[in-house]
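Given next are the chains, with one letter for each unit.
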Number of protein chains: 2
Amino acid sequence: MGLGRSKVLLELEGVPVVVRAARAFADVDDVSSIVVAAGPGDLDEVRATLGRFGVPKIAAVVEGGTTRQASVIQGMEALPECEIVLVHDGVRPLVARSLIEAVIDAASRDGAAVPVVPMQDTVKRVRDGRIAETVDRDALAGAQTPQGFRRDLLVAAIERARLDGFEGTDESALVERLGAPVVCIPGSADNLKITTGQDLVVAQALVKWRHA
Amino acid sequence: MGLGRSKVLLELEGVPVVVRAARAFADVDDVSSIVVAAGPGDLDEVRATLGRFGVPKIAAVVEGGTTRQASVIQGMEALPECEIVLVHDGVRPLVARSLIEAVIDAASRDGAAVPVVPMQDTVKRVRDGRIAETVDRDALAGAQTPQGFRRDLLVAAIERARLDGFEGTDESALVERLGAPVVCIPGSADNLKITTGQDLVVAQALVKWRHA
């Protein structure tokens, strides 16, 4: 579980983002262990917070690297033996249990699975402050997390990326480079990423809505 | 102003979406006339609603076509003489006055302008339920509205699209086909499009936040 700095410690209706994200995974029967990667400045507080809220199945809280990929490598090293690895953005606290289960199922069957959502806006390629082209939206999708992989496949993909000096924006990109199939499953609009104060307001509204 | 069926009639803190969108434009000094295109089923109610809320500068409420492009053509025909035309999604009620002004300025200077926002998620090209490739996100942006054009340029772009039987997902795509430059200006995350009930919840939270 990669973490976006201290945003993971922000509270959503009294429960920190990282606690909500971790609990969602802990609530899934097929999840046996959770490793959380936190930035060096947050490490102690993230560890204490997960402990305070009593989130089960936490195998380790490790210091993440300077990139997402480095954090995933750190996390993998601390992960107990397992067949399937899910990588999740710690700043997506509203991930549904059903989505986690669907990713596990698809990754078990096909090796690699990613939740995707359709692009809402028309997508443009921009060059020098101008629009270079309108990209055919029909074939495009936004990738969410959790992204699920057979552990051996993800390890091989990370190793290949390391040898090639390739840095991906997600783990799926590393697996795609191997030429291995990555299946798409339907993501969800409420599995949002909290990256701004406004996102937090939105997430709060969604939490209240769920409980309404 | 194109309208997304009856979603424009949904209320946000007591004010219908279409009223909020139209008011944002009416509040801008440089906007002289507003034409609203509504679906045939909503036409009367949209007209009555705009009247009831006393939105100024409404030049016409016209019946839209079966496509976005057709609705824009209907709207253009009802639009009084002007130099710059802005096309807006009626389901983006939270558009800021400053964004409208920036689009007018850029379109006046450069002929065509579109607000864009960075892609939050990694963008994938999907084929047969699998990921075909990860698209280089750095150069990609999501196009919002209002999109602004010199009227003669937009008329020429629509005419060319008609002759070619081309249907675009936005007006900018039609202008790009002419080879005319379209400049990008910074859009805004809160200029969201209301297409689901959840979007409405989100928009409600943002409206409350603004007034808090």
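As a reminder, the structure under discussion sits directly above these lines.
Small disclaimer: the values here were computed from a predicted structure and weren't measured.

**Student:** When you look at the overall build of chain A in this model, what are you seeing that I'm missing?
**Tutor:** Scanning chain A for helices and strands turns up seven helices and eleven strands. Taking 17 Å as the expected radius of gyration for a compact globule of 212 residues, we find that chain A reaches 17 Å, a close match to that expectation. C-alpha extents for chain A along the principal axes are approximately 50 × 40 × 35 Å. The 212 residues of chain A split such that 54% are buried. Considering only intrachain contacts with a sequence separation of at least 6, the fraction spanning at least 24 residues in chain A is 70%. About 9,400 Å² of surface is accessible on chain A, with carbon and sulfur atoms providing 47% of the total.

**Student:** Would you explain the relation of the copies chain A and chain B in this entry?
**Tutor:** A rotation about some axis, followed by a shift along it, carries one copy of the chain onto the other. Superposing chain A onto chain B takes a rotation of 180° plus a shift of 0.0 Å along the axis, which leaves an RMSD of 0.0 Å. One copy is carried onto the other by what is essentially a two-fold rotation axis. Closest approach to the rotation axis among the C-alpha atoms of chain A is made by Val202(A), whose C-alpha sits 2.6 Å away. Of the interface residues in chain A, 100% have counterparts in chain B that sit at the interface too, so the contact is made through matching surfaces.

**Student:** How should I be thinking about helix α5 (residues 151–164) of chain B in this particular structure?
**Tutor:** Since the α-helix advances by 3.6 residues per turn, residues separated by three or four positions end up pointing in the same direction. Residue and element names in this part refer to chain B. With 14 residues, α5 extends 20 Å between its outermost C-alpha atoms, agreeing within 8% with the 20 Å of an ideal straight helix rising 1.5 Å per residue. Among the structural elements, α3 (68–78), β5 (84–87), β6 (112–118), β10 (147–150) and α6 (171–177) are those in contact with the buried residues of α5. Note on α5: the residue one or two positions beyond its end, Gly165, has a positive phi of about 65°.

**Student:** Where do I start with the interface of chain A and chain B in this structure?
**Tutor:** By convention, interface size is frequently given as the accessible area that disappears when the constituent parts associate. Listed as interface residues are 46 residues of chain A and, on the opposing side, 46 residues of chain B. Taken together, both faces of the contact between chain A and chain B bury some 3,800 Å²; the carbon and sulfur share is 55%. Broken down residue by residue, the surface that chain A buries against chain B is led by Lys124(A), Ile131(A) and Gln198(A), which jointly contribute 15%. Where chain A touches chain B, the interface holds 22 residue pairs in polar contact (both at pLDDT 80 or more).

**Student:** Help me understand unusual backbone geometry in this model?
**Tutor:** Excluding glycine, residues mostly carry a negative phi; peptide bonds, for their part, are mostly trans. All names here are of chain A. In this structure, the amide linkage connecting Thr145 to the following residue, Pro146, adopts the cis form with an omega of 10°. Looking at the element boundaries, Pro146 is found in the loop between β9 (140–143) and β10 (147–150). Its identity as a non-glycine residue notwithstanding, Lys57 has a phi of 70°, on the positive side. Within the element layout of this structure, Lys57 appears in the loop between α2 (43–52) and β4 (58–63). The partly exposed category is assigned to Lys57, whose relative accessible area is 29%.

What counts, and at which threshold
- Residues numbered from 1 in each chain as written.
- Chains lettered and ligands numbered in written order.
- Predicted model: local features only at pLDDT ≥ 70, side-chain atom pairs only at ≥ 80, totals over all residues.
- Heavy atoms only, no water.
- Helix = DSSP H or I, 4+ residues; strand = E, 2+ residues; numbered from the N terminus.
- Rg over C-alpha atoms; globule rule 2.2 N^0.38 Å.
- Buried < 20%, exposed > 50% of the residue type's maximum accessible area, 1.4 Å probe, protein only.
- Contact = heavy atoms within 4.5 Å.
- Areas by Shrake-Rupley, 256 points an atom, 1.4 Å probe, with all protein chains shown as cover.
- Least-squares fit on C-alpha atoms with pLDDT ≥ 70 in both.
- Expected span 1.5 Å × (residues − 1).
- Buried area = accessible area lost by both parts, 1.4 Å probe.
- Polar contact = N/O pair within 3.5 Å; in protein donor to acceptor, adjacent residues only side chain to side chain.

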